[in-house]
Amino acid sequence: MELIIQNATLLNQPGLHHIGVEHGRIVTIDTEIPVSAAARTLDLAGNCVVPYFIDSHFHLDSVLSLGNPRFNQSGTLFEGIEIWGELKAEISREEIVQRATQYCKWAIAQGIGAIRSHVDVSEKTLTTVEALLEVREAMKEFLTIQLVAFPQDGYLRVPGQDRLLARALDMGVDVVGGIPHGERTMADGAESIRQLCEIAAARGLRVDMHCDESDDPLSRHIEALAYHTQRLGLHGRVSASHLTSMHSMDHYYVSKLLTLMAEARIHAISNPLINITLQGRHDTYPKRRGITRIPEMLEKGINVSLGHDCVMDPWYAMGRADMLEVASMAWHLCQMTRPSQSEDVIEMITSRAAATLGIEDYQTEVGNPANFVVLQAQSAHDMLRLKPNRLYVIRNGKIIAQSAPQYSTVTLGDQVTEIDFNKEKGFATPSKATVFPIS
Ligand SMILES: [Zn+2]
């Protein structure tokens with residue numbers, strides 16, 4: 001065997017495991033494998049292994065453009081769209097490639113192995129599409145990128161969007177996007193959903209729409225999306241991103257809606273960092289959180305995954321490609337405090353996200369690619385609490401990123417104490433920022 005990974009903790013499986021790797025794939029998982037059988041060993045000393053993190057919703061075309069050409073003063077979704085509109089009219093392919101590639105390196109260092117990125121298809125030049133297709137190809141050995149054709153300014157609202165979206169799909173964009181709440185009327189929003197779902201059905205593609213990203217309790221686009229999904233037999237291939245209006249909807253209506261979503265096997269994608277930042281901006285107090293109803297959807301059997309959405313762009317000035325930060329925010333906003341709910345939250349950035357993107361051979365199982373992220377933690381709860389460094393990121397059996405263990409040195413008078421957060425559960429408070437190993 002090329003490699004044996006020793007003493008790994010696998011989530012939801014008791015004891016420590018050894019994993020044998022040959023030709024980039026997992027060939028055995030056992031409690032004992034003779035070391036002599038391997039060219040190389042890696043002892044994880046009980047640290048956790050997950051296949052990799054998956055970001056279900058991102059925008060690689062606008063990433064790292066913060067302040068260019070100006071900052072978002074109101075903090076709203078709509079001012080963000082205006083600023084991006086000013087930038088995208090002038091932006092070059094090289095600039096997008098450079099920024100997106102930089103972000104992909106951050107993502108890889110943080111253990112992200114797949115990103116579903118929306119790509120704005122509203123400019124005639126489709127520079128954004130050309131750039132992200134180039135990045136998708138350049139990164140494919142290290143990071144899976146799935147692209148969604150996203151008519152940012154409205155599919156029906158702006159003439160000619162149908163041709164641009166079709167051209168983007170012809171060029172190789174993977175998924176059909178939409179923004180029904182950005183159309184002029186609720187009726188136009190529903191019509192855009194009908195047309196876009198029919199395009200996906202005709203081309204055999206998946207759908208992922210920005211859906212009901214508002215605080216409007218009467219926004220009903222998710223109902224139309226669930227309807228057309230079942231009408232066209234797209235069950236399990238359609239995602240609804242954001243769904244923030246569901247936060248404000250009438251409970252009786254939601255009880256019907258969740259049944260429709262479950263029936264159509266819609267994947268819900270929540271973006272907690274951006275939702276808490278952009279939603280509730282028109283409220284006084286109390287201010288709504290704007291997060292969709294994650295625990296209620298899980299309870300109903302609806303698949304839910306999480307996205308970072310934006311990092312350092314006109315909509316979100318923060319972020320460091322850390323899906324544990326995204327997951328931690330979901331844990332807090334949705335009050336998912338029961339022990340089993342920490343595992344649910346981690347699933348939303350791992351196995352549930354794999355289901356959303358349609359990634360097969362994902363799990364840590366014999367025969368699947370040897371993709372592992374090693375974290376300095378021993379449980380889902382501690383992953384969320386500590387957001388620990390990714391000690392190793394392994395792709396097809398090769399180490400592609402590495403970070404030092406996380407600890408701090410505290411000096412109190414003459415006493416110098418080294419705190420290893422991993423070994424001081426419940427006592428230590430992280431005080432040291434993570435430094436990216438890749439610049
Ligand atoms: Zn988005």
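Below, the structure is looked at part by part. (Residues numbered from 1 in each chain as written. Predicted model: local features only at pLDDT ≥ 70, side-chain atom pairs only at ≥ 80, totals over all residues. Heavy atoms only, no water.)

**As for the coordination of the zinc ion**
Coordination sphere of the zinc ion, protein contribution only: H57 (NE2), H59 (NE2), H210 (NE2) and D309 (OD), at 2.1 to 2.6 Å. Coordination geometry of the zinc ion: the four donor atoms subtend angles of 86 to 175 degrees at the metal centre, consistent with an arrangement described as irregular. Donor residues for the zinc ion, ordered by position in the chain, follow H-x1-H-x150-H-x98-D. Separated by 252 residues along the polypeptide, H57 in strand β6 (residues 53-59) and D309 in the loop between β13 (303-306) and α10 (323-333) bring together distant segments of the chain. In this structure, H57 and D309 share a single accessibility class: buried. (Donors = N, O, S within 2.8 Å, 3.2 Å for Na, K, Ca; no water. Tetrahedral: all angles 85-135°; square planar, octahedral: opposite > 155°, others 65-115°. Helix = DSSP H or I, 4+ residues; strand = E, 2+ residues; numbered from the N terminus. Buried < 20%, exposed > 50% of the residue type's maximum accessible area, 1.4 Å probe, protein only.)

**Focus: empty space enclosed by the protein**
In total, this model carries four cavities of 30 Å³ or more according to the counting rule given. Quantified by volume, the largest cavity comes out at close to 110 Å³. If you go around the largest cavity, you meet 15 residues; those closest to its centre are H59, L77, H210, E213 and W315. Taken together, the elements giving at least two residues each to the lining of the largest cavity come down to α1 (77-88) and α8 (272-278). Residue classes in the lining of the largest cavity are distributed as eight nonpolar, five polar and two charged. Approximately 60 Å³ is the volume attributed to the second largest cavity. Around the second largest cavity sit 14 residues that line it, and Y52, G113, V393, I394 and R395 are the ones nearest its centre. (1 Å grid on protein atoms, 1.4 Å probe; cavity = no way out; pocket = protein on both sides within 12 Å on 5 of 7 lines; lining within 4 Å. Points joined across faces, edges and corners; volume = space filled by probe spheres on them. Nonpolar A, V, L, I, M, F, W, Y, C, P; charged D, E, K, R; others polar.)

**Looking at the side chain of Q152**
Note that Q152 resides in the loop between β8 (144-150) and α4 (161-171). Ignoring any residue separated from it by four or fewer positions in sequence, one finds Q152 in contact with I81, W84, K88, D120, S122, I179 and W315. (Contact = heavy atoms within 4.5 Å.)

**Things to note about the nonpolar core**
In terms of nonpolar packing, the biggest core is built from 109 residues, with Y103, I222, L225, M261 and I294 touching the most fellow members. At eight residues, helix α2 (residues 93-109) tops the list of elements feeding residues into this core. Apart from the residues within four sequence positions on either side, I222 is in contact with C211, D212, A240, L243, M249, L257, M261 and I266. One finds I5, I26, L42 and I394 within the second-largest nonpolar core, a separate group that totals 16 residues. (Core = buried A, V, L, I, M, F, W, Y, C linked by side-chain atoms within 4.5 Å.)

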